[in-house]
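Examination of the molecular architecture
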Amino acid sequence: MFNCTGDRLRIGIMGCADIAWRRTLPALEDDPAVEIAAIASRSAATARRFTDRFGGVPLEGYDALLDVDGLDAVYIPLPGLMHAEWVTRSLEAGKHVLVEKPLTAGAAETRRVVAYARERGLVLLENYMFLYHSQHAAVRKTLDDGAIGELRGFTSAFTIPPKPAGDIRYQRDVGGGAFLDFGGYPVRAAQYFLGGDLRVVGAVFRRDREHDVVMSGSVLLATPEGIPARLTFGMEHSYRNTYALSGATGRLLLDRAFTPPESHRPVLRVERQDHAEEITLAADHQFANVIATFTAAVRGERDITPQQEGSLRQAELIEEIRRAALVVDV
């Protein structure tokens, strides 16, 4: 069993990203099993702004966080290209790690850090938070109950409008573009419904010449049985995050699939030739559920091997898609 230094999991925050401020830190603050012990930023002023709201000791520099006495775990919401280094250093310091997606920027790095965490008996969990919302299990049950017949195809899209100049996604060596940051959501959703044995059929990426980063693209995957997954991502669109499953006799559609607020009651639309209905699902707090999973794993009450195996396959798929993509400079 994994042990904590006290009754509560003392966690340090490595980086002051917007996702941490808006979603993850409020969920950590509300969890009675967690204590926010310290928050580190490159800027002392930013760290103080975060600790003024969420508590903990403000620290300047990420190294300082790993020197905090009695720290059990680290949450890392840094840009994806920085994950491999700081996940490794946190594990070396004996800390359990919850890290924002992608776990690392490459398949080899992902395999290495997962193997190292397992070797050291430490919890390492990638935060693809949407997987922890109950709406997806409800969709899968509806599918398994035969609502649309045998599955014939999957489509998904995650697109956002252009970001302001200077956003990290436009920085090749920091944010790494749209595919690394959020293009993986539709890929991970395809895994969820179609299984891990997906093959890359093809992909098209639009790359911005000025910033040398991928701005948008489309991906086609397929199962060994020939069920296709048609996926779209990008940051030069209107906002959209959705998926649909097509069957022999109908279709299931879910909007706001990846980023529902905790108060949102998802609506599952079921369409058949002579029938259409909307099923209102329960609201859920996917960030709170991620944290509960992480703390249970640290206490030795939850096996996260399936989640890690999903992360490993995700990293492989992302790399295979990149290799297969036709890249068009725009």
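Note that the structure is a prediction, hence the values are computed from the model and not measured.

Some words on the sheet that holds strand 3 (residues 57-60)
Strand order in the open sheet formed by six strands is 3-2-1-4-5-6, with parallel pairing between adjacent strands. Among the strands making up the open sheet, the edge pair consists of strand 3 and strand 6 (124-127). The average angle at which neighbouring strand axes cross in this sheet is 20 degrees, direction not considered. Relative to strand 6, strand 5 (residues 96-100) is paired through four bridges, and the arrangement is parallel. Pairing of valine 97 across the sheet is with leucine 124, part of strand 6.

A word on the side chain of serine 216
By secondary structure assignment, the location of serine 216 is in strand 9 (residues 213-222). You can call serine 216 buried: its relative accessible area is 3%. There is a polar contact of 2.6 Å between the side chain of serine 216 and the side chain of glutamate 236. Leaving out residues up to four positions away in the same chain, serine 216 has contacts with Val204, Phe205, Arg206, Phe233, Gly234, Met235, Glu236 and His237.

Focus: the nonpolar core
In this structure, Ile11, Leu25, Phe154, Phe205, Leu245 and Phe294 are the most contacted members of the largest nonpolar core, which totals 72 residues. The element contributing the most residues to this core is helix 7 (residues 178-194), with 10 residues. For phenylalanine 205, the contacting residues outside a window of four places in its chain are Phe179, Val214, Ser216, Gly217, Val219, Phe233, Ile321, Arg322, Ala325, Leu326, Val327 and Val328. The next biggest cluster of nonpolar side chains, apart from the first, holds 24 residues, and it includes Leu59, Leu78, Leu91 and Ala117.

As for the pattern of salt bridges
Enumeration according to the criterion identifies 23 salt bridges in this entry. In this structure, glutamate 278 and arginine 269 form a salt bridge, with 3.4 Å as the shortest nitrogen-oxygen distance. Relative accessible area serves as the criterion here: at 54%, glutamate 278 is assigned to the exposed category. Here arginine 313 makes a salt bridge to glutamate 320, at a shortest N to O gap of 3.2 Å. Residues joined in a network through salt bridges with shared partners are Arg172, Asp173, Arg207, Asp212 and Asp329.

Structural notes on a nonpolar patch on the surface
A cluster of nonpolar residues, Val204, Leu326, Val328 and Val330, forms a patch on the protein surface that exposes about 300 Å² of accessible area. By the secondary structure assignment, valine 330 is in the segment after strand 15 (325-329). Take valine 330: its relative accessible area is 34%, and that puts it in the partly exposed class.

What about the sheet that holds strand 7 (residues 151-159)?
The nine strands are arranged 14-13-12-11-7-10-9-8-15 in an open sheet whose pairing can be described as mixed. The open sheet has two free edges, formed respectively by strand 14 (275-280) and strand 15, since each of these has just one partner strand. Averaged over all adjacent pairs, the angle separating strand axes in this sheet is 10 degrees, with direction ignored. Taken strand by strand, helix 6 (residues 134-144) contacts strand 7, strand 11 (240-247), strand 12 (250-255) and strand 13 (267-272), and its axis lies near 175 degrees from that of strand 12.

Points about the environment of phenylalanine 130
Take phenylalanine 130: it is sitting in the loop between strand 6 and helix 6. Here phenylalanine 130 falls in the buried class, since its relative accessible area comes to 1%. Between the C-alpha atom of phenylalanine 130 and that of aspartate 7, which follows or precedes it by 123 residues, the distance is 28 Å. Apart from the residues lying within four places of it in its own chain, the contact partners of phenylalanine 130 are His136, Tyr185, Arg188, Ala189, Ala257, Phe258 and Gln286.

Describing the pairing of strand 12
For a regular strand, side chains alternate in direction, first toward one face of the sheet and then toward the other. Only one face of strand 12 is buried, namely the one carrying Gly250, Leu252 and Leu254, since none of Arg251, Leu253 and Asp255 on the opposite face is buried. Bridge count between strand 11 and strand 12: five bridges; the pairing is antiparallel. For tyrosine 243, the partnering residue across the bridge sits in strand 12 and is leucine 254. What sits between strand 11 and strand 12 in their antiparallel hairpin is a turn of two residues. Across five bridges, the pairing between strand 12 and strand 13 is antiparallel. Considered in strand 13, the bridge of glycine 250 is made with arginine 272.

Considerations on the side chain of histidine 264
Tracing the backbone shows histidine 264 in the loop between strand 12 and strand 13. Residue histidine 264 is classed as buried on the basis of its relative accessible area of 19%. In this structure, histidine 264 is in contact with Arg256, Ala283 and Asp284, ignoring residues within four places of it in sequence.

About the thresholds
Residues numbered from 1 in each chain as written. Predicted model: local features only at pLDDT ≥ 70, side-chain atom pairs only at ≥ 80, totals over all residues. Heavy atoms only, no water. Pairing = 2+ DSSP bridges. Helix = DSSP H or I, 4+ residues; strand = E, 2+ residues; numbered from the N terminus. Axes fitted to C-alpha atoms, helices over the stretch in contact; angles between N-to-C directions. Buried < 20%, exposed > 50% of the residue type's maximum accessible area, 1.4 Å probe, protein only. Polar contact = N/O pair within 3.5 Å; in protein donor to acceptor, adjacent residues only side chain to side chain. Contact = heavy atoms within 4.5 Å. Core = buried A, V, L, I, M, F, W, Y, C linked by side-chain atoms within 4.5 Å. Salt bridge = Lys/Arg side-chain N within 4 Å of Asp/Glu carboxyl O. Patch = residues over 30% accessible without salt bridge, like charges linked within 9 Å, V, L, I, M, F, W, Y side chains within 5 Å. Areas by Shrake-Rupley, 256 points an atom, 1.4 Å probe, with all protein chains shown as cover.

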